[in-house]
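# Structural characterization, general
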Amino acid sequence: MDDEPRHLRGMVSLIRQLRPDAQVTAAKDGAAALEQVKQMCPEAILTDIRMPRMDGLAFLEKLKEEGIETKVVMISAYNLFEYAQMAVRHGAFDYLLKPVEIENVKHLLDRIDLQLSTESLQRKETEEMKHRLTLASSAYRSRLYLSWLNESLTPSEQEEMDKTEWLQGGGIVIYSELQFSRPDEEKISGLAYLQSLERGWSKLGKAMTILHNGLEDRSCAAVTVVRTPPLAPELERRVREIAASLSEELSTAGRLTHGIGPYCDSLSGGGPQAYRAAQTANERNFFECWDGLFYYDKSRPACDSPVPIDSERLFEALLGNEVEHAVDQCRSAFERLSDDGYAQPSLMKEQASLLLMKVKSRVHDLVDRQVGSLLTQASASLLQECDSYGRLLELLETSIREVYGALTQAQQDKNEIIVANCLRWIEEHAKEELTLERAAAHFFFNPSYFSTFIKSKTGRTFSEHVTAARMRRAKALLADNRLRIYEISAECGYQDTKYFCRVFKKHHGISPEAYKHTSLPERKRKE
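Assignment of secondary structure puts Glu427 in helix α14 (residues 389-428). Along the sequence, Glu427 and Arg473 sit 46 residues apart, while their C-alpha atoms lie 8.4 Å from each other. Once residues within four sequence positions are removed from consideration, Glu427 is found in contact with Ala469 and Arg472.

Listed below in structure tokens is the structure:
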């Protein structure tokens, strides 16, 4: 800034020439410049000392008062030492004499750039140091509070915790667990998770949140200690509102649940017990009916009876093509076992695993070994790791349907083998007396069931298959022309030649004698 327009324009033009990328503005006096500085926060200012309304020295004083830090260079036509001394004393970065030479300005701008770069680096290093100190302090605090909650403090640490005044009052301990939606997706940072929880629960009173474990593949747990009055009904409503708000905030990361420990008249003395109770309470959030929030003091003794399901009835339903009935049996049984959400999740998983092992044992000899391996995997790992009741039922239903599919396929394969063997047996014994009863006895079936079975699998009755086999044999013998008609009739299982001829004609639309003659040209071509 300068009160002489010619000097002002010349300096602006020179700086823009030396620093084409820099943003340069001008002001005619100190007052106008001060308003611009407040809005733009420039890195450097070149100003004349003597100006109307507000001279350069007064301008420097104003900058100090406003707390504005920038590089101010004084420009003056007075080559007096006391002027320069006064400018530096007031905080000026440098002092230039008019007329200003280009080289001096260039050198000045280079010095300002160097100084700004140095200061920027120093600020960055300072911020990094502060960040490291913050992390170190946070890590120490987390370790200290976790040791307190787990009652494993050293004497010196206990002494330090005893000095924590805010823990002397009453409050609650909240155990929160974030179950990630998908292990392969990018997870929320531990810091962001802690900040969200602490910010939310601070609405109840002074709160501190620490990580209970690291960001594991499936979930991340945290503990929040809150200094608050006893949980009156209206405060419980507030807790639910905060929990719902946090769940919505973190919904993209996964499912958030909370276990609320009993109220402590003194957090310092009762905090560790409340922490364990809150952790136990959160286990009940395995059941979706609690909407992700469970109070420890709302618990009741759970029924630890075995799963009320007959595995043999389940197996019979699967064999009888009643898979939906089998699934309903399973769901109903586990619904009773859940005890309206008060059952131990470990009991639910244990009984589900036991059921799958029983099913595996029953189907071991009937299905492919791969199905048994899938059941073992579901029992040993998936059921143990599933994080909700709904997921447990889903895994059970999937396993039951896989078993049903394998049994159906195995039965179908077995039926196809039986049908193929039966048709081959008919072909091999076509000359003999073939009855439904004889065939059923041979394949260990009830005659009535065997008759229905053959018709359902092939679309033909047993007698139709016998006739078809005998007619194929008759055609071959007639074409061979080595036997007489009555001999062929006997070879095909017909003792009555006339009856044989009627059946042949009905089956092929031509008499055996006529067929023998029509096949003669073909025999000669082959010869």
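Still more ground to cover, so stick around.
For the rest of this paragraph, the subject is the pairing of strand β2 (residues 71-76). Burial of β2 is extensive: 6 of the 6 residues sit out of reach of the surface. Going residue by residue along β2, you find Lys71, Val73 and Ile75 tucked away on one face and Val72, Met74 and Ser76 tucked away on the opposite face as well. Pairing of strand β1 (residues 44-48) with β2 involves 5 bridges; the strand directions are parallel. Among the inter-strand pairings, Asp48 is bridged to a residue of β2, identified as Ile75.

This paragraph deals with the pattern of salt bridges. For the coordinates displayed, the defined rule picks out 21 salt bridges. Taking the shortest distance from any N to any O, the salt bridge between Arg237 and Glu241 comes out at 2.7 Å. In this pair, Arg237 and Glu241 are both assigned in helix α8 (residues 233-249), 4 residues apart and thus about one turn of the helix distant. Glu241 gets classed as partly exposed once you look at its relative accessible area, which sits at 36%. One salt bridge in this structure joins Arg482 and Asp480, with 2.8 Å as the shortest N-O distance. Here Arg482 falls in the exposed class, since its relative accessible area comes to 68%. Each member of the salt-bridge network shares a partner with another, and the members are Arg19, Lys106, Asp110 and Asp113.

The next subject is the sheet that holds strand β3 (residues 94-97). Taking strand neighbours across the sheet as the criterion, the 3 strands line up as β1-β2-β3 in an open arrangement whose pairing is parallel. Either end of the sheet is taken by a strand with one partner, and the two such strands are β1 and β3. On average, each strand axis in the sheet is tilted by 25° relative to the strand beside it, whichever way the strands run. By the bridge criterion, 4 bridges tie β2 to β3 in an arrangement that is parallel. Note on β3: the bridge partner recorded for Ser76 is Leu97.

A few words now on α8. For α8, with 17 residues, the first-to-last C-alpha span of 25 Å sits near the 24 Å given by 1.5 Å per residue. Along α8, the residues that are buried comprise Leu235, Val239, Ile242, Ala243 and Leu246. Down the axis, α8 shows its buried residues gathered within 100° of arc, on one side only. Opposite the buried face of α8, by more than 90 degrees, sit the exposed residues Pro233, Glu234 and Glu248.

Enumeration according to the criterion identifies 17 aromatic pairs in this entry. When the ring of Trp425 is compared with that of Phe443, the centres are 6.2 Å apart and the planes differ by 80°; the resulting orientation is edge-to-face. Of the two residues, Trp425 sits in helix α14 while Phe443 sits in the loop between α15 (436-442) and α16 (447-458), which places them 18 residues apart along the sequence. In terms of burial, Trp425 and Phe443 fall into one category: buried. Relative to Tyr515, the ring of Phe504 has its centre 5.8 Å away and its plane inclined at 65°; by these criteria the two rings are edge-to-face. Placement of Phe504 in helix α19 (residues 497-508) and of Tyr515 in helix α20 (residues 512-518) is noted, with a sequence separation of 11 residues between them. Grouping residues by exposure puts Phe504 and Tyr515 together as buried. An aromatic cluster of at least three residues, connected via ring pairs, comprises Trp425, Phe443, Phe445, Tyr449, Phe450, Phe453 and Phe462. A cation over a ring is seen here: Lys206 above Trp166, with NZ or CZ 5.4 Å from the ring centre.

What counts and what doesn't
- Residues numbered from 1 in each chain as written.
- Predicted model: local features only at pLDDT ≥ 70, side-chain atom pairs only at ≥ 80, totals over all residues.
- Heavy atoms only, no water.
- Helix = DSSP H or I, 4+ residues; strand = E, 2+ residues; numbered from the N terminus.
- Contact = heavy atoms within 4.5 Å.
- Buried < 20%, exposed > 50% of the residue type's maximum accessible area, 1.4 Å probe, protein only.
- Pairing = 2+ DSSP bridges.
- Salt bridge = Lys/Arg side-chain N within 4 Å of Asp/Glu carboxyl O.
- Axes fitted to C-alpha atoms, helices over the stretch in contact; angles between N-to-C directions.
- Expected span 1.5 Å × (residues − 1).
- Arc of directions from axis to C-beta.
- Phe/Tyr/Trp six-rings, centres within 6.5 Å; stacked < 30°, edge-to-face > 60°.
- Lys NZ or Arg CZ within 6 Å of the ring centre and 35° of its normal.

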